[in-house]
Each structure stands twice: as C-alpha cells, then as structure tokens.
Amino acid sequence: MRIKVSGDYLVGDMKKQSIPIAAEGYPFIGFLALITLVCAGLDYPVISLPALLCTGFCLYFFRDPERISPEDDSVIVAPADGRIILVEKSSDERFVKEEALKISIFMNLLNVHVNRIPFPGRVKSVRFSSGRFYSADTERAALENEWCALVIDTDRKYSYTVVQIAGLIARRIVCRAEPGEVVNLGQRFGLIYFGSRLDVYLPPDTKVQVEKDQKVRAGETALGYFRR
C-alpha cells in the first residue's frame, strides 16, 4: 500500500512491480485507452487516432523490463537508464556531510524511467523537498528542482545517497523505499514521470567506471566499485 506524503511524492512498500509495465502507468494507459475506444466507437477519428498514439506512448514510457545485475559484491550499478551528464567531486550539504563523488544521470522521455538500487544496504532515511521544475540536465535543476533523497547504509563503512530530481515536464516523484528497509542490488525503488534526473553521491575514493556522455542502463551498468 502506498501513502501520499507531500504534493505528488509517494512513499510506501517495495513490493515487486508488474512486468513489463510499471503499475504507476496503468491509470494513464487505461484512461487513454478508454478515450480511444469511445471515440473510435463514435467514429471520431480526429480524436481517436491521437488518443491511440498517446496510449502507445504511455505503454512505451512506463515499460519495466527485467535487468540482470553484475555478480560482484563491490559493484555500484546505475540507478537509472540515461546519459551521464556529470562526474565530479561535490560537497552538497543537503545530501552529504563531507566531500563525495557525484555522478548524475539524465533521463529523456525515451528512457526507461524505473529506478533501481545501486548497492545493497539498509535505508537510513528518505527525504523530500518541493521545488521548481527546470530542465533536469541543467545545474539550476540540481539546485532548485523538486527532489527526493534516499540515504542507504551498506554493510561496509560506507553510506551513499541517491537523489531523484524532477525535470521540466515531470511533476511526480515516486519512491517506495522506507527507512529501515533492507534493499538489494538492482531492486526497483521508484520512478519519476516524464523526463528527469538522478544524482548519486558516493565515497570520494570510489573507483569510477563511467565518464561523461556515456549511456547507462539501470541495474546493469557499473558506475564504479567500492574500494575493498
């Protein structure tokens, strides 16, 4: 069961999503499919054809394919599909108390938008902040847009943070993780509607495996490795 916390932010249990469509897409798909059928039955092609195209787009956007994560107890996988737009050291006090390695992933409308856990651990906290909706691939978005931050303690000495950031079109961040919950590598934990961004804050000595402009796949592509 999910509960509404603030605005359009959702948090709740992390029961397995329906495959291959994320459950959050059903209302959109059902509504558009109904409009398509009604307009087709009334012989309104001017409305039914665009509605059919929108239904097809929603089916595509909310797709939720299975992913196979690497078998390595030190690997940190990408939490989202998309393009790496930033790899740098950061000291953002909103999310980390000291300098960290920040990796940012931009998701466009064509990417899979289901988000996955980068590294196993226990959820320490989930924090939400309302904000603006600038284009997610800009630095202004990182500073001012609506966000949800997930802090996870690992079985090592490290903790890390994953931040879901709403984009220009996105108006809804979904996070199912709850404080105290044990999460696994590559496990689904939420999504952001219609274009967005994820920032990951890792220990500064993380061995990085990606570079700017590289394409990544959630749950599969290695962002880096924790030092042993």
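The structure reproduced in this document is the subject of the present report.

Take the sheet that holds strand β3 (residues 75-77) next. Two orientations exist for strands paired in a sheet by backbone hydrogen bonds: parallel and antiparallel. The three strands are arranged β3-β16-β14 in an open sheet whose pairing can be described as antiparallel. Both outer strands of the open sheet, β3 and β14 (207-208), are each paired with one neighbouring strand and no more. Note that β14 and strand β16 (residues 222-225) share two bridges and pair antiparallel. Bridging from a neighbouring strand, Val208 pairs with Gly224 of β16.

Quick look at the nonpolar core now. Ranked by size, the top nonpolar core spans 32 residues in total, and within it Leu150, Tyr160 and Leu223 carry the most contacts. Elements with a contribution of two residues or more to this core: β5 (100-107), β7 (121-129), β8 (147-153), β9 (159-166), β10 (173-175), β12 (188-192) and β13 (196-202). The element that contributes the greatest number of residues to this core is β5, accounting for four residues. Filtering out sequence-adjacent residues up to four positions away, Tyr160 remains in contact with Ile117, Pro118, Phe119, Leu150, Val151, Ile152, Thr154, Tyr201, Leu202 and Phe226. Ile29, Cys58, Phe61 and Phe62 belong to the second-largest nonpolar core, a separate cluster that totals 13 residues.

Take helix α1 (residues 26-41) next. Quick reminder: α-helices carry 3.6 residues per turn. Residues three or four places apart thus point the same way. Taking 1.5 Å per residue as the helical rise, α1 with its 16 residues ought to reach 22 Å, and the 22 Å between its terminal C-alpha atoms agrees with that figure. Taken together, the buried residues of α1 touch α2 (45-61). Just beyond α1, the residue with positive phi is Asp43, at close to 60°.

Taken as a whole and judged by the stated rule, the model has nine aromatic pairs. Ring centres of Phe119 and Phe226 lie 4.6 Å apart, and the angle between their planes is 85°; on these two criteria the pair is classed as edge-to-face. One end of the pair, Phe119, is in the loop between β6 (114-116) and β7; the other, Phe226, is in the segment after β16, with 107 residues separating them in the sequence. For the pair formed by Phe119 and Phe226, the shared burial category is buried. One aromatic cluster is present, built from ring pairs that chain together Phe28, Phe57, Phe61, Phe62 and Tyr193.

On to a nonpolar patch on the surface. Judged by side-chain polarity, Leu34, Val38, Leu42, Tyr44, Val46 and Ile47 come together as a nonpolar surface patch covering roughly 600 Å² of accessible area. Mapped onto the elements, Ile47 comes out in helix α2.

We now examine the pairing of β13. For β13, the tally of buried residues reaches seven of seven residues, placing the bulk of the element in the interior. Note that β5 and β13 share seven bridges and pair antiparallel. Bridge assignment links Phe106 to a residue of β13, and that residue is Arg197.

Our next topic: the sheet that holds β7. Taken in spatial order, the eight strands line up as β11-β7-β8-β9-β13-β5-β4-β15 in an open sheet, and their pairing is antiparallel. Unpaired on one side and paired on the other, β11 (182-183) and β15 (215-216) mark the two borders of the sheet.

Positionally, Thr221 belongs in the loop between β15 and β16. For Thr221, the contacting residues outside a window of four places in its chain are Ile76, Val77, Ala78, Val210, Gln214 and Val216.

We now examine the side chain of Thr55. The residue Thr55 is located in helix α2 in this model. Among the residues examined, Thr55 registers a relative accessible area of 9% and is labelled buried. A polar contact is formed between the side chain of Thr55 and the backbone nitrogen of Ala33, at a distance of 3.5 Å. Discounting chain neighbours no more than four positions away, the residues touching Thr55 are Ile29, Leu32, Ala33 and Thr36.

The next point concerns the pattern of salt bridges. All told, the structure shown has 11 salt bridges when counted by the stated rule. As a salt-bridge pair, Arg176 and Glu24 come within 2.8 Å of each other at their nearest N and O atoms. Note that Arg176 is positioned in the loop between β10 and β11 and Glu24 in the loop between β2 (9-12) and α1, a separation of 152 residues in sequence. A residue is classified by how much of its surface remains accessible, and Arg176, at 4% relative accessible area, is buried. Salt-bridge contacts for Asp81 lead to Arg67; the nearest nitrogen and oxygen are separated by 2.8 Å. One end of the pair, Asp81, is in the loop between β3 and β4 (82-90); the other, Arg67, is in the loop between α2 and β3, and 14 residues separate them in sequence.

Calculation criteria
Residues numbered from 1 in each chain as written. Predicted model: local features only at pLDDT ≥ 70, side-chain atom pairs only at ≥ 80, totals over all residues. Heavy atoms only, no water. Pairing = 2+ DSSP bridges. Helix = DSSP H or I, 4+ residues; strand = E, 2+ residues; numbered from the N terminus. Core = buried A, V, L, I, M, F, W, Y, C linked by side-chain atoms within 4.5 Å. Buried < 20%, exposed > 50% of the residue type's maximum accessible area, 1.4 Å probe, protein only. Contact = heavy atoms within 4.5 Å. Expected span 1.5 Å × (residues − 1). Phe/Tyr/Trp six-rings, centres within 6.5 Å; stacked < 30°, edge-to-face > 60°. Patch = residues over 30% accessible without salt bridge, like charges linked within 9 Å, V, L, I, M, F, W, Y side chains within 5 Å. Areas by Shrake-Rupley, 256 points an atom, 1.4 Å probe, with all protein chains shown as cover. Salt bridge = Lys/Arg side-chain N within 4 Å of Asp/Glu carboxyl O. Polar contact = N/O pair within 3.5 Å; in protein donor to acceptor, adjacent residues only side chain to side chain.

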